[in-house]
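# Examination of the molecular architecture
Spelled out from the first residue to the last, the chains are:
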Amino acid sequence: MSIISSSRECNTPGSSQKVVRFKLNYNLKSSLLRFANDKDSNLYEELLCHIRNVGQEIRDDDLTQLLKEARGCISIIDGNFRLFVQVVLILRWTHRSEEVIQEYQGFLQDLCSAHTYYTKVVLDHLTSSFKSDQYDWIDNSPSDKSIKCFNKLHQVIQSIIAVIPMSRELLLNSVNNNFPFVKKPAKEQQSYVYNVLQISQYEPSLHSELLSAIINKMVTLDVHLPKSGLECEGNNDTMEVDGVFPLDKVSPDSEPSVAESLDLCLLLLFKYLTLECHNEDGTLIWDKTKSLYSDLCKIFEDVILPTHATHHVQFLIFYFLSFKKPTLGSNFLQMLWKKVSNANVAPVIRQASVCYIASLLTRAKYISLLVVKDMVSEMANWLHSYVDNHDGSSSCFDHRVHSVFYTTCQALFYIIAFRHKDLVENKGLLHLQNLGLSKIVTCRLNPLRYCLPVVVSNFASIARSYQLAYCYTIIERNSRNVLPVEYRDTTGCISPFSPVHFDSFFPFDPYHLKKSKVYIDPIYREYCGPPETKVAANSSSSKEEDDDDFLDTTIEHQSARDVFSYGTSPGFLHV
């Protein structure tokens, strides 16, 4: 005897639309008990198959009956009925009548309360449902219908956490495990990030962990996004022919869907940071800002700083620091400098930290010139102390031992070359002259040999123009001194070694994501070359102004006025 009867019926009188009637011929509890007692598994399996096959065609009143029956026998739905629970979970319910929603929410709450081992399954399903949004977003924000459906999911999560406080850890694991795969559609990524941010609103105890999980995901997207692909795509924007953009010129490896996903998710995060730290009238909420700053700094140290060559995620910090100037920026710079000057920190972290310092000082409009001068002085003093302690040592010819020193030299040269116009204003030239750059340049550690050639070339021109140091003799000597050197490693093996440059990245290079870029442009400093150089760059047919790398430079004895033209990374372009 079948426990189910189904038929096709009209939803309304006179309608041709057919819907599925789903009815139990007798008590659900008795059929589940028969299965539990190993008397009859056929009826149980028939029930599961029919629920699964009927799926979304089941009427609201029929689904309400099923859920009421299921709630009436919660006590016997133990681990043996996992398949039944999973079949009920896959039914979409957030768009149905209020009666269905109440019964479904009640079923999940009763199930998790009576059998806590189902809590993980339920939370996994609820968080996975964040990725499914059948409605289109408007202006990169969810529609009212989407918000209504999402809120119903969050109501269940809140009720489960209220009943089972220990489920917070399960919820965090579910959030981490259900993040969409990198190549999933951008809408799916956007919807999921939006809902995870919603959880952080009503579960403040998980705020830091949830924000960390999101940024971890953004880092994964960022490192899967080739920067060259974005540049190519950006250059093609102005090459429309007959209404068609030449997208075929963008290689498949550029993963435009990944770029869109990252762009939309970062846009959500920029909005979130803004709303979290400001009132409706735009005034800063300092207590919330301080708390969020603490969370972001920890995430930065744990996730962003150790990751090499991310292109966009670090701009979350860049944007956040602009909320209260100069307090946040100064504190962040001091935090980074403590890492650089601490010999107990891993060299790779110290190098990354000084790169962030240099890039922030040159690119952030909200960093005052006084802060720039103070940091430049601190860097120069540290370099002088380092030279005094190591210039005469036997290891001064092994550049691997002094990686932090060379990266700091490169950062100092870069800052001075990039912002020399600001630094010499209002008698600032005396400040630069007091840095003792000549001593750093001429020391036996020979930083000009190991810094990026383009940074060295631009710095040498600026240094000569303002008579800060004369670098060209050393540069020419270094170019002639190309003999390989042999080194003995820790195993005793001798291997040849040729000098290499510390190809440090500049983390706040120009931002390429189009939608979220609106948050960065107002606070971002671009390099502005002298008028003569700009004219030459604009008249060139090579489109060099769009390149995002230093070009090959052969600067020898030119004046500072002929050196720079705005390119992008890290800000210089020789024309």
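It should be emphasised that the depicted structure is a prediction, and the values quoted were computed from it without experimental measurement.

### A word on the overall build of the protein
Helix and strand counts for the protein come out as 25 helices and 4 strands. By residue count, 53% of the 575 residues in the protein fall in the buried class. Taking as baseline every contact in the protein between residues at least 6 positions apart, the subset at least 24 positions apart corresponds to 74%. Counting every atom, the protein has about 26,500 Å² of accessible surface; 51% of that belongs to carbon and sulfur.

### Things to note about the pattern of salt bridges
Counted according to the given criterion, the structure contains 12 salt bridges. Across the salt bridge formed by Asp-61 and Arg-59, the nearest N and O atoms sit 3.0 Å from each other. Accessibility expressed as a relative area gives 38% for Asp-61, which makes it partly exposed. For Asp-110, the salt bridge is made with Arg-71, and the minimal N-O distance between the two is 2.9 Å. Pair noted here: Asp-110 is in helix H5 (residues 98–114) and Arg-71 is in helix H3 (residues 60–72), with a separation of 39 residues, a long-range link. A relative accessible area of 29% places Asp-110 in the partly exposed class. Residue classification places Arg-71 among the partly exposed residues on the basis of a relative accessible area of 30%. Each of Arg-71, Glu-103 and Asp-110 takes part in salt bridges that share partners, so that together they form one network.

### Looking at the nonpolar core
Ile-77, Phe-84, Leu-126, Met-218, Phe-318, Phe-332 and Leu-360 are the most contacted members of the largest nonpolar core, which has 171 residues in total. Here Met-218 is in contact with Val-193, Leu-262, Cys-265, Leu-266, Leu-269 and Val-313, once residues within four sequence places are set aside.

### With respect to the packing of aromatic side chains
Centre-to-centre distance and the angle between the planes together describe a pair of aromatic rings. In total, this model carries 34 aromatic pairs according to the counting rule given. Where Phe-315 meets Tyr-524, the ring centres are 6.3 Å apart and the plane angle is 45 degrees; that geometry is what we call tilted. Remark: Tyr-524 occurs in the loop between strand S4 (494–497) and helix H25 (531–539) and Phe-315 occurs in helix H14 (residues 315–320); sequence separation between them is 209 residues. You can call Phe-315 buried: its relative accessible area is 0%. Accessibility expressed as a relative area gives 8% for Tyr-524, which makes it buried. An aromatic cluster of at least three residues, connected via ring pairs, comprises Phe-300, Phe-315, Phe-318, Phe-332, Tyr-356, Tyr-366, Phe-508, Tyr-511 and Tyr-524. Between the NZ or CZ atom of Lys-324 and the centre of the ring of Trp-286, over which it lies, the distance is 5.2 Å.

### Here we look at the packing of helix H9 (residues 186–202) against helix H10 (residues 207–223)
As a packed pair, H9 and H10 sit with axes 8 Å apart at the nearest point and diverge in direction by 160 degrees. Between H9 and H10, the interaxial angle falls into the category roughly antiparallel. The two elements H9 and H10 meet at a crossing, and its hand is left-handed. Facing Gln-189, Val-193, Val-196, Leu-197, Ile-199 and Ser-200 of H9, the residues of H10 in contact are His-207, Leu-210, Ile-214, Lys-217, Met-218 and Leu-221. When grouped by side-chain class, the residues that make up the contact of H9 with H10 number 8 nonpolar, 3 polar and 1 charged.

### Examining the environment of Ile-474
Residue position: Ile-474 is located in helix H24 (residues 472–480). Overall, the relative accessible area of 6% leaves Ile-474 in the buried class. Separated by 26 residues in sequence, Ile-474 and Leu-448 have C-alpha atoms that sit 7.5 Å apart. Every residue in contact with Ile-474, bar those within four places of it in the chain, is listed here: Val-441, Thr-442, Asn-446 and Leu-448.

### Looking at the side chain of Ser-322
Note that Ser-322 resides in the loop between H14 and helix H15 (327–340). Looking at Ser-322, the relative accessible area reads 14%, which means it is buried. Within polar-contact distance, the side chain of Ser-322 engages the backbone oxygen of Tyr-319 at 2.5 Å. For Ser-322, the residues in contact, after removing those within four places along its chain, are Tyr-366 and Ile-523.

### Overview of H9
In this model H9 runs 25 Å from its N-terminal to its C-terminal C-alpha over 17 residues, within 8% of the 24 Å that 1.5 Å per residue would give. The element H9 is largely enclosed, with a buried count of 14 among its 17 residues.

### A short note on the environment of Glu-99
Within the secondary structure layout, Glu-99 lies in helix H5. Overall, the relative accessible area of 44% leaves Glu-99 in the partly exposed class.

### A word on the confidence of the model for the protein
When pLDDT is low, close inspection of the predicted coordinates is not appropriate. In the predicted model, the protein carries a mean pLDDT of 81, and 76% of its residues have values of at least 70. Confidence over residues 529–570 falls short of pLDDT 50; this stretch has 102 contacts with residues more than four positions distant or in other chains.

### Topic: unusual backbone geometry
With an omega of 0 degrees, the peptide bond running from Lys-325 to Pro-326 counts as cis. Note on placement: Pro-326 falls in the loop between H14 and H15. For Asn-140, which is not glycine, the phi torsion reads 60 degrees and is therefore positive. Here Asn-140 shows up in the loop between helix H6 (119–128) and helix H7 (144–163). Phi is positive for Asn-446, close to 55 degrees, though the residue is something other than glycine.

### Observations regarding H7
Compared with an ideal rise of 1.5 Å per residue, which puts 20 residues at 28 Å, H7 spans 29 Å between its outermost C-alpha atoms and is within 8% of the ideal. All of the buried residues along H7 are Ser-146, Cys-149, Phe-150, Lys-152, Leu-153, His-154, Val-156, Ile-157, Ser-159, Ile-160 and Ile-161. Check the buried side of H7 and you find it contacts H5, H6, helix H8 (167–177) and H9.

Parameters at a glance
Residues numbered from 1 in each chain as written. Predicted model: local features only at pLDDT ≥ 70, side-chain atom pairs only at ≥ 80, totals over all residues. Heavy atoms only, no water. Helix = DSSP H or I, 4+ residues; strand = E, 2+ residues; numbered from the N terminus. Buried < 20%, exposed > 50% of the residue type's maximum accessible area, 1.4 Å probe, protein only. Contact = heavy atoms within 4.5 Å. Areas by Shrake-Rupley, 256 points an atom, 1.4 Å probe, with all protein chains shown as cover. Salt bridge = Lys/Arg side-chain N within 4 Å of Asp/Glu carboxyl O. Core = buried A, V, L, I, M, F, W, Y, C linked by side-chain atoms within 4.5 Å. Phe/Tyr/Trp six-rings, centres within 6.5 Å; stacked < 30°, edge-to-face > 60°. Lys NZ or Arg CZ within 6 Å of the ring centre and 35° of its normal. Axes fitted to C-alpha atoms, helices over the stretch in contact; angles between N-to-C directions. Parallel < 35°, antiparallel > 145°, perpendicular 65-115°, else oblique. Left-handed = near helix turned anticlockwise from the far one by under 90°. Nonpolar A, V, L, I, M, F, W, Y, C, P; charged D, E, K, R; others polar. Polar contact = N/O pair within 3.5 Å; in protein donor to acceptor, adjacent residues only side chain to side chain. Expected span 1.5 Å × (residues − 1). pLDDT = per-residue confidence, 0-100.

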